[in-house]
Amino acid sequence: MWLQLNCQMKAMDTDNDSPWGTQKSYIVIFICHFLGITNISTMPNDALLQGAFGFSIVLMIVYIIMGIPLLYVESIVGQFTSRDCIDVWRIRPCLSFIGYLLIIWQAFTLIYNHIVSAFLLHYFLISFETPIPFYTCGLWSTKFCNTLVSNYTVNLDCVKNQNIFPYCDHLYKTFPEYQYWRLNLVQSGHKCNFCIAWRVCLASGLNCIAIFLSCFKRSKSLKWVINIFFGFPILTLAILLMGSMRQQGLVAKYEDAIDIDFTIFAHNFRFSSVIQNVMFNLGIGSGLTFNLASSAPFRSPSFSNTVVTVMTCAVYTIIVIFTMAMVTCPYAFKYGPDAGDIIRTHMSFAFEKIPRLIYEYQDKMFYLIIIYTCFFIIAINSNFVLFYNLLEVIFKRNPKLAKYPGLTVFCASLMLYILTIPLLSYVGVNLLAYSFKRHLTLISTFVGVLECVTFVFWYGMNRFSEDINFMVGIRPNSFMKVGWGLSILFLIYSFCYEVHDHLENSKKFIYSTYTVLVFSGLIVIVTVVRLVIAAIKRRFREFIALDKTWGPKDEILQRSRGMFSAQAMTKEYIYRQYHLQAGILHRQRRSNIRSPLR
């Protein structure tokens, strides 16, 4: 019976019904999402603030020790069960509601990415203009615009005499790049909190058109678009890297920029920030990996896919960090400040600091186009995957909509455009774009702990290992098991430390921090309430017990999984070896050949 089921499973594996088609497409989809906005904004900024060289070393270690085991758990569970993030959390009835919260998390992430990518596309388009708008003072600027260049006294006091006057500390507010962003695109004030630049609104519409074209034929169009855009970030980063090596000040300032002697690293490094960035970058706790992996073939090599994806993301991130360190060198060489002083300036990294630093480049217009091409393609690729993922969850639950994917995608992209228009203003950028990344990553950290506890330790390490052995033929090694245990400890530490730091030092975002705590506490409260109600109805054991339908959806796989165990496989191996040796001896006797073994 077992041999018959095994043959049926192998025949079923040859019929690849996966929407990704090949393993290459599957890996490319994951990489395009993981090379997200964090790689181009938060990671380089944090690395230069905390010591780029030491930060990169710890970052690589965290990617290996935590990133691979946690992403492997999500991909293996999604692949094993063929369930999305809603169904996969039905492993225990008391936790079945978490999947719906993750859909909300993914929707917020899509909106956040869409807002940032709209501004990135705007900066990319205006980089072709002459003169470039954010390098000149316009009607939106103040009378002190570009004082550093126009006023020799200020230049002497703040540059040559190294900031000996108090007003030098706020000199950055006179930069045209700063004023273009603050006074033109995201205008603040009683009358302009909801003012929206028409060009940004146009860029948002172009983004929605690109999203529609990437998903109107579901996975077919997504693979086609992703394969085209996949190489652009790598190509543009290579051009920027080589171009930065030709600029002035690289030899004099680069060692200080990357903190080769670990001076900045020893004073400013925060381990919790590395963990937060890695978790958000890999989408741990968001449920996205469950959705994507649920469409993979049952016997797809999930471990190698995970390792390739994580290591590609880690290497690319580190190259971005060292390239951004190069970008600071020409500015530091001309004006004298350290790279840390430049990064500590209260300016947004992608929209104010980058234009300011690129201004000191030779052929700055060319490099502006290159860097914003890289940034925009990375952001829009992540949008494509997120949008596709949410639609697939909807299609699974509404088969009627799946019959008209083009119309559904058009309506969804139009709805995304309309809903995000008010958020392209000062209020939207500050509440969502800044506060979201700063605080709501705590939710993914919290959910990451729940995932590791629920799917590995509560489910049972031996049973989980046996499922992996049944699916891919290899049990997880000791490295993975130790990684799961360490990941729980590190995630709990990171969550507690970041919450404490936000409450102590981030008074500006105190309400959003409390919102995160309420949202995280809501998971615990709802779980406890459901258990209390179940206890009153005398169904407590049923609510904490493993769901009876948990496992592969396919009937053949369920039957074969029910018969599979390490003991059964050992007996089958002995049985096969016995018949193999018996066949060899029988053939030897028939051919009258003496066996060499006595």
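Our subject is the structure listed above.
Residues numbered from 1 in each chain as written. Predicted model: local features only at pLDDT ≥ 70, side-chain atom pairs only at ≥ 80, totals over all residues. Heavy atoms only, no water.

1. Thoughts on the state of the cysteines
What the rule picks out here adds up to 1 disulfide. Disulfide partner of Cys-137: Cys-145, at an S-S distance of 1.9 Å. On the sign convention where negative means left-handed, the S-S torsion of about -85° between Cys-137 and Cys-145 marks this disulfide as left-handed. Given the relative accessible area of 39%, Cys-137 is considered partly exposed. (Disulfide = S-S within 2.5 Å. Buried < 20%, exposed > 50% of the residue type's maximum accessible area, 1.4 Å probe, protein only.)

2. Details of the nonpolar core
If you look at the biggest cluster of nonpolar residues, it comprises 178 residues, and the most contacted ones within it are Phe-119, Leu-120 and Trp-484. Per element, the largest residue contribution to this core is 22 residues, and it comes from helix H21 (residues 364-397). Those residues in contact with Trp-484 that sit more than four places away from it in its chain are Pro-69, Tyr-72, Val-73, Cys-452, Val-456, Phe-457, Met-461, Phe-464, Ile-468 and Pro-476. (Core = buried A, V, L, I, M, F, W, Y, C linked by side-chain atoms within 4.5 Å. Helix = DSSP H or I, 4+ residues; strand = E, 2+ residues; numbered from the N terminus. Contact = heavy atoms within 4.5 Å.)

3. Observations regarding the packing of aromatic side chains
Across all of its chains, the model carries 41 aromatic pairs by this definition. An angle of 35° between the planes, with centres 6.0 Å apart, marks the rings of Phe-80 and Phe-298 as tilted. Of this pair, Phe-80 sits in helix H5 (residues 52-81) while Phe-298 sits in the loop between helix H17 (288-293) and helix H18 (302-335); the two residues are 218 residues apart in sequence, bridging distant segments of the chain. When its relative accessible area of 7% is taken as the criterion, Phe-80 is described as buried. For Phe-298, a relative accessible area of 8% translates into the label buried. With 6.1 Å between their ring centres and 85° between their planes, Tyr-372 and Phe-375 make a pair best called edge-to-face. (Phe/Tyr/Trp six-rings, centres within 6.5 Å; stacked < 30°, edge-to-face > 60°.)

4. Looking at a nonpolar patch on the surface
A cluster of nonpolar residues, Leu-125, Trp-198, Leu-202, Leu-206, Ile-209 and Leu-213, forms a patch on the protein surface that exposes about 610 Å² of accessible area. Among the elements that take part in the nonpolar patch, helix H11 (residues 198-215) stands out by supplying 5 residues, more than any other. Positionally, Trp-198 belongs in helix H11. (Patch = residues over 30% accessible without salt bridge, like charges linked within 9 Å, V, L, I, M, F, W, Y side chains within 5 Å. Areas by Shrake-Rupley, 256 points an atom, 1.4 Å probe, with all protein chains shown as cover. Salt bridge = Lys/Arg side-chain N within 4 Å of Asp/Glu carboxyl O.)

5. With respect to a negative patch on the surface
A cluster of acidic residues, Glu-255, Asp-256, Asp-261 and Asp-338, forms a negative patch on the protein surface. Locating Glu-255 in the fold gives a position in helix H14 (residues 250-258). (Lys, Arg positive; Asp, Glu negative; His and termini not counted. Charge placed at Lys NZ, Arg CZ, Asp CG, Glu CD.)

6. Things to note about H5
Taking 1.5 Å per residue as the helical rise, H5 with its 30 residues ought to reach 44 Å, and the 40 Å between its terminal C-alpha atoms agrees with that figure. Along H5, the sharpest kink reaches roughly 35°, centred on Gly-67 and followed within four residues by the proline Pro-69. With respect to burial, H5 is a largely interior element, 24 of its 30 residues being buried. Among the residues trailing H5, Ser-82 stands out with phi positive, at a value near 55°. (Expected span 1.5 Å × (residues − 1). Bend = angle between axes of the 7 residues up to and from the residue.)

7. Quick word on the pattern of salt bridges
A full pass over the atoms with the stated rule returns 10 salt bridges. A salt bridge links Arg-90 to Asp-87, with the shortest nitrogen-to-oxygen separation between them at 2.7 Å. For Arg-90, a relative accessible area of 35% corresponds to the partly exposed category. Residue Arg-270 is joined to Glu-498 by a salt bridge in which the shortest nitrogen-to-oxygen separation is 2.8 Å. With Arg-270 in the loop between helix H15 (263-268) and helix H16 (271-282) and Glu-498 in helix H27 (residues 478-505), this pair connects stretches of sequence that are 228 residues apart.

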